[in-house]
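In case you want the letters, here they are:
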Amino acid sequence: MRLDIATLLLVTFVLTFLVGVLFVLSWVQARRTHALAIWGVAHLVGAIASGGLALRGTIPDWLSIGVANAMMIAAYGLIWSGVRAFEGRSLRLSIAILSGGAFAAACLVPAFYGSIAARVVLASSIATVFCTASAYEIWRGRAERLVSRYPAMILLCIYGICYAVRIPAAFLAPLPTSPDALQSRWVAILCFAAMLFTIALAFTFMALTKERAERAQRLAASVDPLTGIANRRAFVLEAEAMLARPSPSALLLFDLDHFKRVNDTYGHAVGDGVLVGFCALGRALLPGDRAFGRLGGEEFACLIPVQTPEAARREAVRFGRAFAALRLPTLPHLEVSCSIGVAVSTPGHERFDDLMRRADLALYRAKRNGRSRTELAEADGPDVQAARNRRLPWPQAAE
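Let us look at the structure shown here. (Residues numbered from 1 in each chain as written. Predicted model: local features only at pLDDT ≥ 70, side-chain atom pairs only at ≥ 80, totals over all residues. Heavy atoms only, no water.)

**Description of the side chain of S81**
Its place among the elements puts S81 in helix 3 (residues 61–86). The buried category is assigned to S81, whose relative accessible area is 0%. Not counting residues within four places of it along the chain, the set of residues in contact with S81 comprises I38, L91, R92, L93 and A96. (Helix = DSSP H or I, 4+ residues; strand = E, 2+ residues; numbered from the N terminus. Buried < 20%, exposed > 50% of the residue type's maximum accessible area, 1.4 Å probe, protein only. Contact = heavy atoms within 4.5 Å.)

Structure below.
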């Protein structure tokens, strides 16, 4: 069935316009996601360009050929700019505008304006570059694992290939130079591809923004808002996963000594700074393959891979000494320290709750023996039996 190309272009205009409105409305509800606004403007500009192409023969050629194609090129540049904004990079809106302007300027040259093949090659080359560049920007952000990231890359690459195919086709199967130049199978194929691309891109980009929002919510639910490390629930889940490995691990249970005195003497702002500094030091000094979390108040825990109890004790002592050595030039009399209880797991034979109770008993002993020290829980002895008899919610460190 032969379809009227002008009708296809008008359908493309309506579809692209509605998608642009959808993006803008989505941005109104999530104003921090600037990419939605840019993609909305890109589709609105593309809709106007489609309308201009559909009206060829009705409006002056300089509008339907020069301006409409220039706006279409700028629209692809805006999509690329929106992808950069989504990935947290600079927009480069000037490149999108200048690309459309370059095509419009080229149309002022009679030889270029009179050659359909030249116009197709230039417009298709620029569109190919923008589609490929958009796919590349999404690939660069692959460290953020979003389900729709690779479908978006594939979609943009396929559409870029469609435009790339038009470049040799402009010479191998040139468009007619008659007034019915739009009545070509290549134009029909491109119209269908544009409609499918518009719908698929809208779904994919919306999915990307939704997945990022959901991921941010999950992170917020698992991260302590003050220190930026895992909260209690997230720490337990990560620690239980580590304990399932066939290698031993050590649980280091920390309690900041006399922390209430710090708050009462220097204020809660300084106390918060001490907690943040403790966590920053933990990130820097504790082994990289670890689970590190805040259990509540001034209590923290860290599960690290370790081979022997003595190695675990050395890590804890090294960290405790480094924390006690912290000094603030503006508060020369502020001294901080922590008590640490250490318990080493038996791979595959100890539940996390039991390991936590043993580390808790070792921490209790460290505080009872004068604080600012490290105590190692016994692997087999009084600590084990006491942990079994002690059925209190963890952590149960003494004050």
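**Details of the packing of helix 6 (residues 116–140) against helix 7 (residues 149–172)**
The geometry of helix 6 relative to helix 7 is characterised by a closest axis approach of 8 Å and an angle of 165 degrees between their N-to-C directions. Judged by the inter-axis angle, helix 6 sits roughly antiparallel to helix 7. You can see that helix 6 and helix 7 cross each other, and the crossing is left-handed. Of the residues assigned to the contact of helix 6 with helix 7, the class counts are 18 nonpolar, five polar and two charged. (Axes fitted to C-alpha atoms, helices over the stretch in contact; angles between N-to-C directions. Parallel < 35°, antiparallel > 145°, perpendicular 65-115°, else oblique. Left-handed = near helix turned anticlockwise from the far one by under 90°. Nonpolar A, V, L, I, M, F, W, Y, C, P; charged D, E, K, R; others polar.)

**As for the packing of aromatic side chains**
Tallied over the entire structure, the rule returns 18 aromatic pairs. Both rings, one in F278 and one in F300, keep their centres 4.7 Å apart while their planes meet at 35 degrees; by these two values the pair is tilted. With F278 in helix 11 (residues 268–285) and F300 in strand 3 (residues 299–305), this pair connects stretches of sequence that are 22 residues apart. Put simply, the rings of F254, F278, F292, F300, F319 and F323 touch in pairs and so form one group of aromatic residues. One residue, R31, lies across the ring of W27, its end atom 4.7 Å from the ring centre. Lying over the aromatic face of F86, R212 brings its terminal NZ or CZ to 3.8 Å of the ring centre. (Phe/Tyr/Trp six-rings, centres within 6.5 Å; stacked < 30°, edge-to-face > 60°. Lys NZ or Arg CZ within 6 Å of the ring centre and 35° of its normal.)

**Observations concerning the pattern of salt bridges**
Tallying each qualifying case throughout the model produces 18 salt bridges. Measuring nitrogen to oxygen at the nearest pair gives 4.0 Å for the salt bridge that ties R313 to E310. Of this pair, R313 and E310 both sit in helix 12 (residues 309–324), three residues apart, which is roughly one turn of that helix. For R313, a relative accessible area of 33% puts it in the partly exposed group. On the basis of relative accessible area, E310 is assigned to the partly exposed category, the value being 40%. Salt bridges here are not isolated pairs; linked through shared partners, they connect R84, R89, E137 and R140. (Salt bridge = Lys/Arg side-chain N within 4 Å of Asp/Glu carboxyl O.)

**Things to note about the pairing of strand 2 (residues 291–296)**
Along strand 2, five of the six residues are buried, which leaves the element largely enclosed by surrounding structure. As judged from the five bridges shared by strand 2 and strand 3, these two strands associate in the antiparallel manner. The residue bridging G296 from the neighbouring strand is E299, located in strand 3. Connecting strand 2 to the next strand, strand 3, in antiparallel fashion are two residues, including G297 with a positive phi near 60 degrees. (Pairing = 2+ DSSP bridges.)

**Some words on the packing of helix 3 against helix 4 (residues 93–106)**
Two numbers describe a pair of packed helices, the interaxial angle and the distance between the axes. The N-to-C vectors of helix 3 and helix 4 enclose an angle of 160 degrees; their axes lie 8 Å apart at closest approach. With respect to each other, helix 3 and helix 4 are oriented roughly antiparallel. The handedness of the crossing between helix 3 and helix 4 comes out as right-handed. Each of I65, G66, N69, A70, I73, A74, G77, L78, W80 and S81 in helix 3 lies in contact with helix 4, whose residues at this interface are L93, I95, A96, S99, G100, F103 and A104. Considered class by class, the residues forming the contact of helix 3 with helix 4 number 11 nonpolar, six polar and no charged.

Any functional reading would require information beyond the geometric quantities listed.
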